[in-house]
Amino acid sequence: MTNGKTTPALTTAPTRRGLLRMSAGLAGSAVLMRLTSSAAWAAPSGDLQIMAWEGYDLVPELQAWRDANGVKVETTSMTSQDDVHTKFMAGNPPPFDLAEYNQAYANLYIDQLGITTPIDPVAVPNFNADNIFEQFLGKAEWERDGKLTGVPWIWGFNTSLYNAEAMAEPKSYKDFLAPELKGKIAIVDDSVTMWPVTARVAGLGAKYPNLTRDELSAAFAELAKYRDQARMIALNMGDVATALASGDVVAVLCADPAVIKMTEELGGKLKMAVPEEGVVLWVDAWFVPPSADNVETALAFINEALSPQAQADICMRLNQAPVSKQAVALMDDAARTRIDYNNLEAYFAGGLPGIPPLESEEFATYDDWISAWQEFKAGI
Amino acid sequence: MKLSARWSGWTLASPTILFMLAFFVFPSLFLLVYSFWKASSFQITPAFQFDNYVRALTDELFWRVTFNAVIIGLMSAVVCMAMALPVGYYLVFVSRSRLLEQIILVTWFSSYLVRIFAWRTLLGNDGVINTVLQSLGLIDAPIEALLYSRFAVGVTLIHLYLPYCIILVMTAFHEIRQDLIDASRDLGRSQVGAFFSVVVPNASAGLVGAFMLTLIMTMGDFVTPQMLGGTTGQTTGLLIADQFRRTGNWPLGSAQAVIMFLLVVLIFVAVIVAGRTLGFIPKRRKQRAV
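Chain B is annotated in an unreviewed UniProt entry as ABC transporter permease from Fuscibacter oryzae. Under Subcellular location (unreviewed entry), UniProt gives the following word-for-word description of chain B: "Cell membrane". One UniProt comment on chain B, placed under Sequence similarities (unreviewed entry), says "Belongs to the binding-protein-dependent transport system permease family. CysTW subfamily."

Under an unreviewed UniProt entry, the name given to chain A is Extracellular solute-binding protein, and the source organism is Fuscibacter oryzae.

In structure tokens:
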């Protein structure tokens, strides 16, 4: 039984690839099995096309699972969340079976663009209250009308990173405005991270993402002080890691702590600081786009990604945090103590940042923020 | 069966024509059509209105960034041409060295990004230039203005596009017969005089092409300014990309792209007019009916 839930496979038209792969008899059997029993999902197999952040496609962590099931994963790396929805806005969206969305984009993906499909929780048994922290269950970022639209699977936070040999630990973003740091800091061109920071440095953090247009102007006027202080607006994490390792800059205002490992691999040293204005949380979720044609394997992949061992392994590799409670005990000391897993409420107390409204008379819209960000980068 | 010269030409050109139709002409037409459409909240609807052009043309940011791109493009193209002309002349009319030509081509063997990172290594605080200057006692502290600055962008763009410019200039010079230069010299022109009165006018079409191609490539490059420009890396290309990627406003991005295209055409016309006024490009003579 599917308990009345419509499975993604039944709402998705079969594609040429799927038709070529399945014989008519097998297809008929699979549909019949799906209609009669949720436990009868076909075994994972075949090609799986996914779109994920570089390194987040679980290549080493799920190798045994892929080998056992004969699954071949083809990954298209994304360098920003924009890469994902841009592809699905095209008239002929690519046949991805699985992609990732940052929680900030939930409304856009689920309500506006409609590029997520309902996920049958029965096909993802690891997504249960015994395994998953409560912060990731039953939240609007991943559900609509009681149906799962995305499965949160990894989270973390962006914060200040600095070279302890070159400067004192920053206690606040304001510390980066010290005269001796002029021309020594970097800002990353990552709007999802930097927009909440923009509001916070202007004392408007609690209002984000709903700032009026006047407040938006005031916030970017404040952020301009940091741009004047900065030596570079880095293209991405790799870019900033290179600059930190070479000593061209000594700190980055707010970035993914994964940069620490990248910088260390390049011979640099870097530490993490938590400014009093707070860190910027993010949670990535897997979703199944309407163009998916190997839904069974996609859901099996998600399920494996939530297994405690895979969660522990990838979080240790990427310096991020698991959504699986059971994974914490499987991580090494460094990974386990980086975050206080007994006090996750404190991390999530401020809520997860979203993106500004697409349309609004009262508040600055997403377009307004993009324009302000472009002007910031152009030095206006 | 023997094809006429006209049909032979069409047959030989057809793969290129088909390719350009499929991947340039039709996409450009789509872009033009899109520029009149409407977008709201990531939803694009067909329409015929000029709002996107009005918005782009009245946007201070767009003009400031575009002006910046044009200045970067013009400066890079002028410097590239200034360096490519003597090298091209030497290789075509003096040395005729195939080895030197091959050396110029060698610079293309490494990838674009590798070359950008190489410049970072050269210009950084711990880079080769700062280290040498410090070890020679010429400076006490690294010159930070070398990297993440307009200087870094300019130097890198010239390095990236100079080989293209040299090859194009050489191609233009190859068309000129040595007899014409010799005749000019026999008639009393100096070497420089012969260059400007014979070489430049006869190679003008190719030289304008070299200049424009370098200008277009440097003007449209948005990776180098972003990676080496520090806090001055915003370009028109990025603005247009943002409309397609971040806001989902493809019609506005299309209008901005069309404006950029028209701007390049305008610059092209200005270069032709300037070249004719200065006498570098011969004026067309109307053919008289015999």
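Caption draft 1: Region of the structure containing the overall build of chain B. Helix and strand content of chain B: 13 helices and two strands. Based on the C-alpha atoms only, the size of chain B along its principal axes is roughly 70 × 70 × 45 Å. Counting across all 290 residues of chain B, residues that qualify as buried make up 32%. Contacts spanning at least 24 positions in sequence make up 72% of the contacts within chain B whose residues lie at least 6 apart.

Caption draft 2: The arrangement of the UniProt feature "transmembrane region" (unreviewed entry) in chain B in detail. Residue and element names in this part refer to chain B. Within the UniProt annotation, "transmembrane region" (unreviewed entry) is assigned to residues 12-37, 67-92, 99-118, 151-173, 194-217 and 257-278. Taken end to end, residues 12-37 has its terminal C-alpha atoms 38 Å apart, with 88% of it in helix and 0% in strand. In residues 67-92, the share of helix is 100% and the share of strand is 0%. The end C-alpha atoms are 36 Å apart.

Caption draft 3: Here's a closer look at the environment of A:Asn343. Looking at the secondary structure, you find A:Asn343 in the loop between helix H14 (333-338) and helix H15 (344-348). Once the C-alpha coordinates of A:Asn343 and A:Asp130 are considered, the two residues, 213 residues apart in sequence, prove to be 17 Å apart.

Parameters at a glance
The residue count restarts for each chain, going from 1 along the sequence in the order it is written. In the order they appear in the text, chains get letters beginning with A and ligands get numbers beginning with 1. Only residues with pLDDT of 70 or above have their local features reported here, since the model is predicted, and side-chain atom pairs are shown and tallied only from 80 upward, although totals for entire chains, interfaces and linings are computed over all residues. UniProt positions are given in the numbering used here, feature names are shortened, and annotations may be inferred rather than shown by experiment. Note on conventions: DSSP H or I runs of at least 4 residues are helices, E runs of at least 2 residues are strands, and numbering of each starts at the N terminus. The burial label depends on the number of other C-beta atoms within 10 Å of a residue's C-beta. Counts of 20 or more mean buried, 12 or fewer mean exposed, and intermediate counts mean partly exposed, with C-beta atoms placed from the backbone. Throughout, a pair of residues is in contact if the C-beta atoms placed from their backbones lie within 7 Å.

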